[in-house]
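Residues per chain, in single letters:
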Amino acid sequence: RRRSGHERQRISSAVTSPSPRALRDVVVTSLAATTSIAGDVDATWKALLAGESGIGTIDGGFVDEFDLPVRIGGTLKVSPDEGLSRVELRRMSFVERLALTLGRTVWQNAGSPEVDQDRLGVVIGTSLGGGESLIDAVDKLRAGGYRKVSPFAVQMIMPNGPSATVGLELGARA
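Just so you know, these numbers come straight off a predicted model, no measurement behind them.

Comments concerning the overall build of the protein chain
Part 1 of the argument: Scanning the protein chain from N- to C-terminus turns up 9 helices and 2 strands.
Part 2 of the argument: Secondary structure elements in the protein chain, listed N-terminal to C-terminal, are α-α-α-β-α-β-α-α-α-α-α.
Part 3 of the argument: Residues classed as buried in the protein chain amount to 23% of the 174 residues present.
Part 4 of the argument: Of the contacts formed within the protein chain by residues at least 6 apart in sequence, a portion of 58% connects residues at least 24 apart.
Part 5 of the argument: By element, 56% of the accessible surface of the protein chain is carried by carbon and sulfur atoms, the whole surface being about 12600 Å².

Right, here's the structure in full:
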């Protein structure tokens, strides 16, 4: 059945336009960031307005280890590992540690609100999850067999790992 122009527009509007009520139900109460420019939102914003760049020469670390031909890029000014326990560092991929650190900051900046955990959800966009954890698990599997692979390898690799990590921390059940 072919739809009339009016029907197509109505369907399109229903799909792309949130209702006025839905727009009132979302409130941003806090932000957090760690970037190649600065370690927090305010300092990053001020540096951006001043025309600063977080891109520069990268030396040491993984650049030397892998003999990378490119030596420019942006690295975080503040490590997400500061303030995490030894156990958290061992059991989480870099992206999960970053999400947890920023998630804690956001929650604290929002005043650690009392919320209905059944209505609390966490959404964090990632493309892969812990890519470095995948490479590490494969290397350990090849070098020493399955017993050398961390039992947390799948959790560290999965794309929803950052959201799951923050959601578990906050007790989100939505």
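A closer look at empty space enclosed by the protein
Part 1 of the argument: Inspection of every chain in the model, using the stated rule, returns 1 cavity of 30 Å³ or more.
Part 2 of the argument: Taken as a whole, the largest cavity encloses approximately 40 Å³ of empty space.
Part 3 of the argument: Lining the largest cavity are Ser133, Asp136, Ala137, Lys140, Lys148, Val149, Ser150, Ala153 and Met156.
Part 4 of the argument: Listed by contribution, the elements that provide at least two residues to the lining of the largest cavity are helix 7 (131-144) and helix 8 (153-157).
Part 5 of the argument: Per-element accounting of the lining of the largest cavity gives the leading share, 4 residues, to helix 7.
Part 6 of the argument: Residue composition of the lining of the largest cavity, by class: 4 nonpolar, 2 polar and 3 charged.

What to know about helix 7
Part 1 of the argument: Relative to the 20 Å expected for 14 residues at 1.5 Å per residue, helix 7 spans 20 Å between its end C-alpha atoms, a close match to the ideal helical length.
Part 2 of the argument: Among the residues of helix 7, those classed as buried are Gly131, Ser133 and Ala137. Along the long axis of helix 7, the arc covered by the buried residues comes to 165 degrees, so they all point the same way. Turned more than 90 degrees off the buried face of helix 7, the exposed positions are Ile135, Arg142 and Ala143.
Part 3 of the argument: Summarising the contacts, the buried residues of helix 7 are in contact with helix 8.
Part 4 of the argument: Looking one or two residues beyond helix 7, the residue adopting positive phi is Gly145, at roughly 90 degrees.

What about the environment of Ile55?
Part 1 of the argument: The residue Ile55 is located in the loop between helix 3 (41-49) and strand 1 (56-57) in this model.
Part 2 of the argument: In the structure, Ile55 is positioned 17 residues away from Ile72 in sequence and 6.8 Å away in space, judged by C-alpha atoms.

A look at the pattern of salt bridges
Part 1 of the argument: In the structure shown here, the tally under the stated rule is 6 salt bridges.
Part 2 of the argument: The shortest N-O distance in the salt bridge between Arg97 and Asp81 comes to 2.6 Å. You can see Arg97 sitting in helix 6 (residues 94-109) and its partner Asp81 sitting in the loop between strand 2 (72-73) and helix 5 (86-91), a full 16 residues away along the chain.
Part 3 of the argument: Glu88 is paired through a salt bridge with Arg104; the nearest N and O atoms lie 2.6 Å apart. One end of the pair, Glu88, is in helix 5; the other, Arg104, is in helix 6, with 16 residues separating them in the sequence.

Parameters and conventions
- Residues numbered from 1 in each chain as written.
- Predicted model: local features only at pLDDT ≥ 70, side-chain atom pairs only at ≥ 80, totals over all residues.
- Heavy atoms only, no water.
- Helix = DSSP H or I, 4+ residues; strand = E, 2+ residues; numbered from the N terminus.
- Buried < 20%, exposed > 50% of the residue type's maximum accessible area, 1.4 Å probe, protein only.
- Contact = heavy atoms within 4.5 Å.
- Areas by Shrake-Rupley, 256 points an atom, 1.4 Å probe, with all protein chains shown as cover.
- 1 Å grid on protein atoms, 1.4 Å probe; cavity = no way out; pocket = protein on both sides within 12 Å on 5 of 7 lines; lining within 4 Å.
- Points joined across faces, edges and corners; volume = space filled by probe spheres on them.
- Nonpolar A, V, L, I, M, F, W, Y, C, P; charged D, E, K, R; others polar.
- Expected span 1.5 Å × (residues − 1).
- Arc of directions from axis to C-beta.
- Salt bridge = Lys/Arg side-chain N within 4 Å of Asp/Glu carboxyl O.

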